[in-house]
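# Residue-level structure breakdown
What follows is the residue order along each chain.
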Amino acid sequence: MTARLLEGKFFANAIKEEAGRRAAAFEEKYGVVPGLAVIIVGEDPASQVYVRNKRRSCEKVGLYSREVALPADTPKEKLLSIIDELNADPKIHGILLQLPLPKALDPYENEFLNRIDPAKDVDGFHPVNVGRLVIGEPGLTPCTPAGCMKMLELAGIDIDGKNAVVIGRSNIVGKPMMLMLMKKNATVTVCHSHTQDLPSVTRRADILVAAVGRPHFVTADMVKPGAVVIDVGINRIAPKKLVGDVDFDAVKEVAGAITPVPGGVGLLTVAMLMDNVVRAAEMQQNNK
Ligand code: NAP
């Protein structure tokens, strides 16, 4: 059997088109273009690529974007004051601090993320937004799991009552993914490095989400025939070769649907960021 291929491009385009329509309507109604500020500290090459992609996506969708590039030796207080300025800037509706931070600032990561106004927290990492997600109140949610959920919805994949297994319990992927699936009435199991007999757990999954960070970690024998397999992993195994957490070639013969890497969830993450910027602008306007 060959699985249905869930290509990120198709779903990402649909999400961006919708975000673009809402951004245009917002501008027409309020005379302001929804705006995103991306703060990048240091010269990490991968981060520079991500920031460039975000800027291009903003241009494509019709959002205002501003890049704040700072040297790696930026003092902590300086970065905090820049976040404060962006919090107060009416042209900016969403603020994103590109991670990872340089070594000297890394220990303060949570302090920086918590300084971002929750209303502008388009990464959905602020404890206020995390709390809202836990109790099921509307808020800004992390882009990667939100993108996976949107893809399931657009692909017409039923979640209600299904067994979902998430491998990974990080704050940015695993935990919010669990909460979002639970909200849609899946029965969710979260696995991690202490889980015993992982294959016996994953084989029960109708929907299997891999967010581990290990190349080809999910093998065909771990997948229930016909399952929907979402591969969040991005692993560089050679200078120009990215692979996911799923052994794609083998698993596609067992699964009912599968996301590729590259060209899968990564594209959805950027698309959902655009959606979150527009949503942040709308929510700020509604709360005025
Ligand atoms: P992370 O913080 O390193 O978390 C990895 C999780 O995998 C942890 O919960 C860990 O368990 C679990 N794990 C590790 N070894 C395991 C094992 N042998 N069995 C079961 N679970 C195991 O990673 P992350 O930030 O969630 O990211 C995961 C992957 O997604 C990475 O490849 C990352 O690059 C990718 N990613 C992609 C996007 C995108 O846009 N597509 C966005 C974010 C992340 P413990 O908690 O017990 O350590």
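Overview of the structure. Note that the coordinates shown come from a computational prediction; the quantities given were computed from them, not determined experimentally.

The interhelical angle for the contact between helix H1 (residues 8-30) and helix H10 (residues 265-286), taken along N-to-C directions, is 20°, at an axis separation of 8 Å. When the axis of H1 is compared with that of H10, the two are roughly parallel. At the point where H1 passes H10, the crossing takes the left-handed sense. From H1, Gly8, Lys9, Phe11, Ala12, Ile15, Lys16, Ala19, Arg22, Ala23, Phe26 and Tyr30 reach across to H10, where they touch Leu267, Leu268, Ala271, Met272, Met274, Asp275, Val278, Arg279, Ala281, Glu282 and Gln285. Looking at the contact of H1 with H10, its residues break down into 14 nonpolar, two polar and six charged.

Let us now look at the site of the ligand. The environment of the ligand is made up of 21 residues, and the closest members are Arg169, Ser170, Ser193, Ile234 and Thr269. For the ligand, a nitrogen atom lies 3.4 Å from a polar atom in the backbone of His192. In isolation the ligand exposes 930 Å². Once the protein is present, 71% of that is buried. Take the shell around the ligand: its biggest share by element is three residues, from H10. Looking at the shell around the ligand, its residues break down into nine nonpolar, 10 polar and two charged.

Rules and cut-offs
- Residues numbered from 1 in each chain as written.
- Predicted model: local features only at pLDDT ≥ 70, side-chain atom pairs only at ≥ 80, totals over all residues.
- Heavy atoms only, no water.
- Axes fitted to C-alpha atoms, helices over the stretch in contact; angles between N-to-C directions.
- Helix = DSSP H or I, 4+ residues; strand = E, 2+ residues; numbered from the N terminus.
- Parallel < 35°, antiparallel > 145°, perpendicular 65-115°, else oblique.
- Left-handed = near helix turned anticlockwise from the far one by under 90°.
- Contact = heavy atoms within 4.5 Å.
- Nonpolar A, V, L, I, M, F, W, Y, C, P; charged D, E, K, R; others polar.
- Near = heavy atom within 4 Å.
- Polar contact = N/O pair within 3.5 Å; in protein donor to acceptor, adjacent residues only side chain to side chain.
- Areas by Shrake-Rupley, 256 points an atom, 1.4 Å probe, with all protein chains shown as cover.

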